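Fold and contact review
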Amino acid sequence: MSASVNSILLQVVLISVAILTSSFVVLNYPEPKPPDPELLPMHAITIETWTHDKNIGERYVTTPTSGINVVFYFWNDIGATDSIAVTGSTNGTGQVTVLVEEGTYDLKIGEWTTETLDIFENITIRSDHYDLEIRPNSIEIEALSASWQVTSDDIIFVSYTSTFDFEVNLDSIKMSGLELNNVACELTDDAEAAVPVGGPDDLYASGNNCELDALLFPYSDWSDSFRIPAGITIPWSVAKLNPEVVLNVSYTETGVDE
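Here we summarise the structure given alongside this text.

Analysis parameters
Residues numbered from 1 in each chain as written. Predicted model: local features only at pLDDT ≥ 70, side-chain atom pairs only at ≥ 80, totals over all residues. Heavy atoms only, no water. Pairing = 2+ DSSP bridges. Helix = DSSP H or I, 4+ residues; strand = E, 2+ residues; numbered from the N terminus. Phe/Tyr/Trp six-rings, centres within 6.5 Å; stacked < 30°, edge-to-face > 60°. Buried < 20%, exposed > 50% of the residue type's maximum accessible area, 1.4 Å probe, protein only.

1. Describing the sheet that holds strand E9 (residues 138–141)
Taken in spatial order, the four strands line up as E9-E11-E19-E14 in an open sheet, and their pairing is antiparallel. Strands with a single pairing partner mark the edges of an open sheet, and in this sheet they are E9 and strand E14 (181–182). With seven bridges joining them, strand E11 (residues 155–161) and strand E19 (residues 221–227) adopt antiparallel strand pairing. The residue of E19 that forms the bridge with Tyr160 is Trp222.

Next comes the structure, spelled out in structure tokens:
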């Protein structure tokens, strides 16, 4: 009888130990964690940059463009952000290659252009920047010195009708190789003003309209008035035939190189 009781007591003790051990394991088991999200695949993106220059009466000169900064900006649910994913700079051959995680980005190529890209494979992007000199449609000299010469501070009115079927940038207007200042750009003798224009009176350009940077829409008309800078003296008989006024226009074409 004693052996039977001892056996029963032993079984009860073993069962109690098993229950306690099981409870300990359950109570001390680490909280479940979601699995780490799989990283999206990375893709190699190569950007090629080329500059095409064309002056009046000359052919295009095409060169790879070094030192162009490229920046990939992340997108979120509402669009592009200012958060940078990766940056790079083109080398002497005009190329740069970066690794980008699969997704949507805004790609900024220097001051040329910003493009939205869906990255899902390795690709090569080619960006061609065109800088052109073109003639205006017409000019009018609105002020002349007493000697009938075109000189500094005279006013020239320039007009142009775009022949492009896409938007282009009008970067500057030059006369005899010197950049013209918009008449809205005030002149001052304050040497702390930002843009020196020279001349015997040490004039400086100030104001918010000193940089042209106008956008020309397809087939649109454009016109504006400019102040002739110091250093230009052209007899009126010459100026009315060939005032040597050119418009500097630029645009960029970017696409995936198949």
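2. Examining the packing of aromatic side chains
Inspection of every chain in the model, using the stated rule, returns eight aromatic pairs. For the pair Phe74 and Tyr105, a centre-to-centre distance of 5.8 Å together with 40° between the ring planes defines the contact as tilted. With Phe74 in strand E3 (residues 69–76) and Tyr105 in strand E6 (residues 103–109), this pair connects stretches of sequence that are 31 residues apart. Judged by its relative accessible area of 33%, Phe74 falls in the partly exposed class. Given a relative accessible area of 3%, Tyr105 falls into the buried group. Grouping aromatic residues by their ring pairs yields a cluster made of Tyr60, Tyr130, Phe164, Phe166 and Tyr251.

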